[in-house]
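# Structural overview for review
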Amino acid sequence: MRRNLASALVIARRILRQRVRDRSAIMFAVITPLGLALAFSVLIPNDFQTFHTRFVIVDHDGGPMASRLISDGFGALSRAGVAEVDAIATDAQARAELEAGDAGAMIVVPAGFSAAIAAGQPTAIQLLGGQFPSSFEVARAVVTRFASEADAAQLLIATATSSSGSANPAVVQAAVASLGQPAPIAEVEAQTPSRQAGRATFYAAAMAIMFVFFATQYGALAIHSDRQTGTLTRLLAAPVSAGSMLFGAALASLVLGAVAMTVLILGTTLLVHAAWGPPLLVAVLVLSGVVAATGISMVVATFARTPQQAGALNSIVALSLAALGGVFLPLSQAPSSIVTLSQITPHAWFLRGIDTLADPSATLADILPSVLVLLAMGVGLGAVGLVRARKAMAA
Amino acid sequence: MKVLSMVRTNLVRALRDRTALFFSVLLPLILILVLGLTYGSGASLRVGLVDADGGPLAADLAAAIQKSPGVAVDLRRYQTVDELRDASSRGIVEVALAIPAGYTAALEGGGSAALTFFTPPTQLALAARTIVDRAVADQTALVRATQFAVKTQGTGFSAALAGAQGLQARVPGVAVTVQPVNAASTGNGFSAGAQSQLVLFMFLTSLTGAVELVLTRQLGVSRRIFASPTGATTIIVGESLARIAFALAQGAFIVGASAVLFGVSWGDPVSLAAVVLVFSVVAGGAAMIIGALAANPSQAGALGPGLGMLLGLLGGAMVPLEVFPPAMQAVARLTPHSWAMDALAVASQPGNSVVDILPQLGVLALFAVVFFAIATVRFRRVLVGAA
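These numbers were taken from a predicted model, which means no experiment stands behind them.

Within chain A one finds 16 helices and 5 strands. Against the globule reference of 21 Å for 395 residues, chain A gives a C-alpha radius of gyration of 32 Å, more extended than a compact globule. Considered along the principal axes of its C-alpha atoms, chain A spans approximately 105 × 45 × 35 Å. The buried share of chain A, reckoned over its 395 residues, is 50%. The long-range fraction of contacts in chain A, counting pairs at least 24 apart against all pairs at least 6 apart in sequence, stands at 77%.

Dropping the structure here:
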């Protein structure tokens, strides 16, 4: 037993030494993901955190209803820091700003707007959109919300007059008075902590889990190249069991994966200010991710006959799982069918854990689902890989 | 003839490499599919809802939110408030709304009820909220009028509600006329993804193929051809054509497969053919440069994909250029990718012809000329030096 462990350690150390000498491993497992994480986080601004737009308003009315729309409706957006709202004198000027992309939407309040609402006459607010669909939708929502409030007032007056057939001043007055009372439906806000990693952290973690497969492949690749060079036969003739060789290879993969991940975590923390989360919890999650990747690399390699084939198959599996697992786009923006499908990938579980850690109050219990699924994937698939590899070595 | 057989040999070699086939055939399709499904629904708003009430007013509100005019709402129902809160904090839903138990009963009884919104601290959530608020405001107006009618006229709630709904349809109200200035881009959700994947993968595959070029050199194939009565120019032309044919095949595959599988409309076929052809020359030229510069296959193997990804990212073939800061948008103009993407976008607009993309094609042609000039000089030096 002790001798088996000792030879496993010797094998692991040999594989690690080979990899340190081979610069292409460092290139694939560390430099490329670091570069991509850097590029992604520099190039893609944190747009979902800082939505900001500008609206231009042409007020031909100047009446009380127009100023209510501007100061209450759009004013709220401006006070919340979502949009700048500017009054523009003429349609032509506003249109020019819109077409130049300097404004997200243009709102035109027609002359006689306030008078028409008071008299229960039809009137229309004109809304023009530019190059930014989301800005346009926000402006549209504000305008139609205002319109529905105006409709509500008219509806209440209409209800009051419909019963008596004509405008009974007392009833209408009661209706108008009831408008001042609190609305029957109240809106209560409940803040939820954000469990979404920032852009820099997301891409750092996404690249790390995608490329860790290129680090964890080397254990199985070493067995393959030993077979090709004939070293394997000679080792098996020596008092080294197949089990301890495979164990050594798996150990080497784990160490390589953990080292690559650690370098990436440190690198992205320093370079792009990725906020991975509490170190201890990150360590638990990352180690589980490395175990999952090692297990997958081990089992995938057993379907290949040469080291070249094993490497190719491993990158195919790694990239397919990565694409499905939401490495290129946050899964939160994907339709539910994709989200469900993504659960078969370690990437989705790992990134879910990283998202959870964005919440400062998160504890081990919160990331436990991710950790357990990742460990189960790694141990389960790794066991299958070891059994298959052992059978192949015995043959 | 010699040139053609060099092209043929190169393509056969590429087709035999099944790993390369995965990267040039399956991976782009997977990415088009994932990106298309994700962005394909357009600007749909993800609203999470817990309906603990189950009454008709709660159902009306949910229906009104789903039918919000002008926005596609993806209404996702959750069983418990905890699930809803989790979905909200993870950004899975942009707006999260809980209708309490007894909502309908309270309003029907003339009382009031409170809706709970769960909002993560992002500003887009606030912006998206306005869209759901509209549906809530409509129901508030209706309930207010109904409760007023019940109180003043003594009618039953449901009769008064029906009356108010009838009146709501007839109140002149304030109309909102809407006029988008720039028509939204045409095509289905897969189109934009397919355009960027076309540009990304033509270049990436071509650069990855540069390994073959280095192998040809390293194995001494080039030197042996050179020893035969074949001039350096013929070899360079043959290898270049092979690289261009390689990129062209990749481009044709993505265009064809995405059109057949995902119904992507590529617009004017002449413009499309022109862009794909010129861009394959650019990509081929870049591959020749890598092939001439790299000292060994593993160097080319690391340099090619890395450069292909980086230029694709810089040029807006991975994420749209709009999200870049202005300085980066200027830098993007230095990549052939951004010009090709631009040309494809213009070409896919209805009514545009190849004339409208002449400027972009001109810039791409310039890239091609410069790339081939550099590659030819370097390659000739390598060939003649080795001989």
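Don't stop here, the text continues.
Glancing now at the overall build of chain B. Secondary structure assignment for chain B yields 16 helices and 5 strands. Classification of the 387 residues of chain B by burial places 49% in the buried group. The long-range share in chain B, meaning contacts at least 24 apart out of those at least 6 apart in sequence, stands at 79%.

The next subject is the domain arrangement of chain A. Annotation of chain A at the domain level lists domain 1 (2-46 + 198-394) and domain 2 (53-179). Measuring from the centre of the C-alpha atoms in domain 1 of chain A to the corresponding centre in domain 2 of chain A gives 56 Å.

Glancing now at helix α9 (residues 218-229) of chain A. Residues and elements named next belong to chain A. Taking 1.5 Å per residue as the helical rise, α9 with its 12 residues ought to reach 16 Å, and the 16 Å between its terminal C-alpha atoms agrees with that figure. All buried positions along α9 are accounted for by Y218, G219, A220, L221, A222, I223, H224 and D226. Just beyond α9, the residue with positive phi is G230, at close to 90 degrees.

Bringing the confidence of the model for chain A into the picture now. With 94% of its residues at a pLDDT of at least 70, chain A reaches an overall mean of 84. Of all helices and strands in chain A, the one with the weakest mean pLDDT is helix α7 (residues 169-179) of chain A (71), whereas helix α12 (residues 279-301) of chain A scores best (96).

A few words now on helix α1 (residues 2-21) of chain A. Between its first and last C-alpha atoms α1(A) spans 29 Å; for 20 residues at 1.5 Å apiece the expected length is 28 Å, and the two agree. Every buried residue of α1(A) is listed here: S7(A), A8(A), I11(A), A12(A), I15(A), L16(A) and R19(A).

Once that is clear, we can look at unusual backbone geometry. Residue and element names in this part refer to chain A. Located in the positive-phi region is H273, a residue other than glycine, with phi close to 55 degrees. Here H273 shows up in the loop between α11 (242-272) and α12. Exposure remark for H273: the 12 C-beta atoms within 10 Å place this residue in the exposed category.

Right, let's talk about the pairing of strand β3 (residues 105-109) of chain A for a bit. Residues and elements named next belong to chain A. Among the 5 residues that make up β3, 5 are buried, leaving the element largely enclosed by the rest of the structure. Taking every second residue as pointing to the same face, both faces of β3 are buried, with A105, I107 and V109 on one and M106 and V108 on the other. Across 5 bridges, strand β1 (residues 53-59) lies against β3 in parallel orientation. Paired with V56 across the strands is M106, a residue of β3.

Rules of the game
- Residues numbered from 1 in each chain as written.
- Chains lettered and ligands numbered in written order.
- Predicted model: local features only at pLDDT ≥ 70, side-chain atom pairs only at ≥ 80, totals over all residues.
- Helix = DSSP H or I, 4+ residues; strand = E, 2+ residues; numbered from the N terminus.
- Rg over C-alpha atoms; globule rule 2.2 N^0.38 Å.
- Buried ≥ 20, exposed ≤ 12 C-beta atoms within 10 Å, placed from the backbone.
- Contact = placed C-beta atoms within 7 Å.
- Domains from an automatic or database assignment.
- Expected span 1.5 Å × (residues − 1).
- pLDDT = per-residue confidence, 0-100.
- Pairing = 2+ DSSP bridges.

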